[in-house]
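Secondary and tertiary structure notes
Below are the chains, spelled out letter by letter.
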Amino acid sequence: MPFSTDTADTLIDWFDACGRDLPWRRPDCDAWGVLVSEIMLQQTPVARVEPIWHEWLARWPRPSALAAASQGEVLRAWGKLGYPRRALRLHAAAEAIARDHGDVVPDDVDTLLGLPGIGAYTARAVAAFAYGKRAPVVDTNVRRVVARAVHGAGDAGPPSNTRDLADVEALLPHDDARAARLSAALMELGALVCTARSPKCADCPITADCAWQHAGRPAYNGPAKPVQKFAGTDRQVRGLLLDVLRGTDEPVEKSRLDVVWARAGQRDRCLDSLLVDGLVEQTPDGRFALPGEH
DNA sequence: CAAACGTGGTG
DNA sequence: TCACCAAGTTT
């Protein structure tokens, strides 16, 4: 059941009044700035992204500028944002945009989907937020808002790309500009009001139309969501290894890497996987460094 | 489709 | 303290 026109308008008005003034939402931010923000924001909070985003846009204001940097420079500038393969993929996307698209971020979903690191969410986010297009933008916030406001559930169940896209598509106004604004509003509502823990229903602009409210705010009863461990995993070890290389200009001996993790088997397996992923490079003399700098 | 993939803040 | 959470993508 789609939102009424009034509900859509209410949400858009709420977004205009209460949405955050984030740098990638400003009129002077172009599609490249939006794309960089979307990649950085994947699984990463706004507060940690903002300072890095400013550094990147000042240093690499266009895709071709980033493409001209080495992978090592890019990984260093990525810092501790996490999931550093995103940085490599964004670098590769910048190369493709510079080479194949006249240094302009594509504006259609299918072309965007062909670029490295850009999936179902990011492609539509760029189309909607950078180009004002009507495209269902489905992230974890939107899935939660739809689960509650539309389906009356306590939270979203397991993701299903096809079903999630159809759900949100049905909510969008036909008009491109308003659809794009509503997409931003849905995300912002999930981020600020309809949050995972202790939602602020008293501040919600659409409680009157919320199926979850009408149902008496039942608890989530779907399958338990898997919890991600970190301590002791390969992800932690890879992070420690990479942190050593980020902190040095010169390639390092393996002994410098060996000290970060006691278990040799896991440590070596992780170093090998970093080499395979292209996040680490071995110099001819056998030392280790970030890629493309030596 | 499930699992892998970083990091740090917070209730 | 520690489990949960944060604008996902790839294999």
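Just so it is clear, the structure is predicted and the values come from calculations on it, not from any experiment. Positions within a chain are numbered from 1, following the residues in the order the chain's sequence is written. Each chain is given a letter, starting from A, and each ligand a number, starting from 1, according to the order in which they appear as written. Selection of residues for local features in this predicted model requires a pLDDT of at least 70, selection of side-chain atom pairs for listing and counting requires 80 or more, and totals for whole chains, interfaces and linings are taken over all residues. Excluding hydrogens and water, the side-chain figures rest on all heavy atoms present in the structure.

Observations regarding the overall build of chain A
Here is the rule: Comment: elements are numbered from the N terminus, with helices defined as DSSP H or I runs of at least four residues and strands as E runs of at least two. Relative accessibility thresholds used throughout: buried, under 20% of the residue-type maximum; exposed, over 50%; partly exposed, between the two (1.4 Å probe, protein chains only). Residue contacts are defined here by distance: any two heavy atoms, one from each residue, within 4.5 Å place the two residues in contact.
Broken down by element type, chain A carries 15 helices and two strands. Here the C-alpha coordinates of chain A stretch approximately 65 × 45 × 30 Å along the principal axes. When the 294 residues of chain A are sorted by exposure, 45% land in the buried category. If you take every contact in chain A between residues at least 6 apart in sequence, the share linking residues at least 24 apart comes to 63%.

Observations concerning the protein's contact with DNA strand C
Convention followed: Residues are classed as near a molecule or strand on a simple rule: at least one heavy atom within 4 Å of it. We define a polar contact as two N or O atoms separated by no more than 3.5 Å, with the added condition that, inside protein, one atom must be a possible hydrogen donor and the other a possible acceptor, whereas residues neighbouring each other in sequence contribute only through side-chain atom pairs.
Taken together, 29 residues are adjacent to DNA strand C, and Trp-24, Leu-41, Thr-122, Asn-141 and Val-227 come closest. The share of sugar and phosphate among atoms of DNA strand C within 4 Å of the protein is 67%. Arg-20 is positioned such that a nitrogen or oxygen atom in its side chain is 3.4 Å from a base nitrogen of DNA strand C. Between a phosphate oxygen of DNA strand C and a main-chain N or O atom of Thr-140, the distance comes to 3.4 Å.

Some remarks on the UniProt feature "domain: HhH-GPD" (unreviewed entry) in chain A
Filter applied, for reference: UniProt positions are given in the numbering used here, feature names are shortened, and annotations may be inferred rather than shown by experiment.
The sites that carry the UniProt feature "domain: HhH-GPD" (unreviewed entry) are, in the present numbering, residues 40-192. Across residues 40-192, the secondary structure splits into 64% helix and 0% strand, with the terminal C-alpha atoms separated by 19 Å.

Overview of the nonpolar core
Nonpolar side chains in soluble globular proteins generally cluster together in the buried interior. Put simply, the test is: As used in this record, nonpolar core signifies buried Ala, Val, Leu, Ile, Met, Phe, Trp, Tyr and Cys residues forming a set joined through side-chain atoms within 4.5 Å.
Counting residues in each nonpolar core, the largest one holds 56 residues, and the members touching the most others are Trp-32, Leu-35, Met-40 and Trp-56. When residues no more than four places from it in sequence are discounted, the contact partners of Leu-35 are Leu-90, Ile-97, Val-105, Ile-118, Thr-122 and Val-126. One finds Tyr-121, Ala-128, Val-137 and Val-146 within the second-largest nonpolar core, a separate group that totals 34 residues.

Considering the protein's contact with DNA strand B
Defined as follows: Three classes are used, and their members are as follows: Ala, Val, Leu, Ile, Met, Phe, Trp, Tyr, Cys and Pro are nonpolar, Asp, Glu, Lys and Arg are charged, and the others, Gly among them, are polar.
Taken together, 17 residues surround DNA strand B, and among them Arg-48, Pro-84, Gln-228, Arg-238 and Gly-239 come closest. Across the atoms of DNA strand B situated within 4 Å of the protein, the share located in sugar and phosphate is 58%. Among the elements that make up the surface near DNA strand B, the one with the highest residue count is helix H13 (residues 234-246) (five residues). Residue composition of the surface near DNA strand B, by class: four nonpolar, five polar and eight charged.

Looking at helix H3 (residues 46-59)
Stated formally: To estimate the expected span of a helix, count its residues, drop one, and scale the result by 1.5 Å.
Compared with an ideal rise of 1.5 Å per residue, which puts 14 residues at 20 Å, H3 spans 20 Å between its outermost C-alpha atoms and is within 8% of the ideal. Turning to H3, its buried residues number three or more, namely Val-46, Val-49, Ile-52, Trp-53, Trp-56 and Leu-57. Each element contacted by the buried residues of H3 is listed here: helix H2 (31-40), helix H4 (63-67), helix H5 (71-78) and helix H6 (85-100).

Section: the packing of H2 against helix H8 (residues 120-131)
For clarity, the threshold we go by: For helices, the fitted line uses only the C-alpha atoms of the stretch in contact; every axis is such a line through C-alpha atoms, and the angle between N-to-C directions lies from 0 to 180 degrees. The sense of a crossing depends on the near helix, which, turned anticlockwise from the far helix by less than a right angle, makes the crossing left-handed and, turned clockwise, makes it right-handed.
Between H2 and H8, whose axes approach to 9 Å, the crossing angle comes to 145 degrees. Here the hand of the crossing between H2 and H8 comes out right-handed. Judged by residue contacts, Ala-31, Val-34, Leu-35, Glu-38 and Ile-39 of H2 engage Tyr-121, Thr-122, Ala-125, Val-126, Phe-129, Ala-130 and Tyr-131 from H8. The class makeup of the residues in the contact of H2 with H8 is 10 nonpolar, one polar and one charged.

Observations concerning the packing of aromatic side chains
Quick note on the threshold: Whether two aromatic rings pair depends on their centres lying within 6.5 Å, for rings of Phe, Tyr and Trp, where Trp uses its six-membered ring; planes under 30 degrees apart make the pair stacked, over 60 edge-to-face, and the rest tilted.
In total, this model carries three aromatic pairs according to the counting rule given. Measuring from ring centre to ring centre gives 5.6 Å for Trp-24 and Trp-53, while their planes differ by 70 degrees; the resulting arrangement is edge-to-face. Pair noted here: Trp-24 is in the loop between helix H1 (5-18) and H2 and Trp-53 is in helix H3, with a separation of 29 residues, a long-range link. As far as the burial class goes, Trp-24 and Trp-53 line up, both buried.

Describing the environment of Arg-178
Position of Arg-178 relative to the elements: it lies in helix H11 (residues 176-192). Measuring from C-alpha to C-alpha, the distance between Arg-178 and Arg-134 comes to 8.0 Å, with 44 residues separating the pair along the chain. Apart from residues lying up to four places away in sequence, Arg-178 is in contact with Thr-5, Ala-8, Asp-9, Ile-12 and Pro-173.

Regarding the pattern of salt bridges
Threshold: By salt bridge we mean one thing: a side-chain nitrogen of Lys or Arg within 4 Å of a carboxyl oxygen of Asp or Glu.
One pass over the structure, following the stated rule, counts 21 salt bridges. We note a salt bridge from Glu-188 to Arg-25, for which the minimum N-O separation is 2.8 Å. Of this pair, Glu-188 sits in helix H11 while Arg-25 is found in the loop between H1 and H2, placing the two residues 163 residues apart along the sequence. You can call Glu-188 buried: its relative accessible area is 1%.

So, unusual backbone geometry
If you check the backbone angles, Gln-43 has positive phi at about 65 degrees while not being a glycine. Mapped onto the secondary structure, Gln-43 falls in the loop between H2 and H3. For Gln-43, a relative accessible area of 67% corresponds to the exposed category. Positive phi, normally seen in glycine, also occurs at Tyr-83, with a value near 45 degrees. Looking at where Tyr-83 falls in the secondary structure, it is placed in the loop between H5 and H6.

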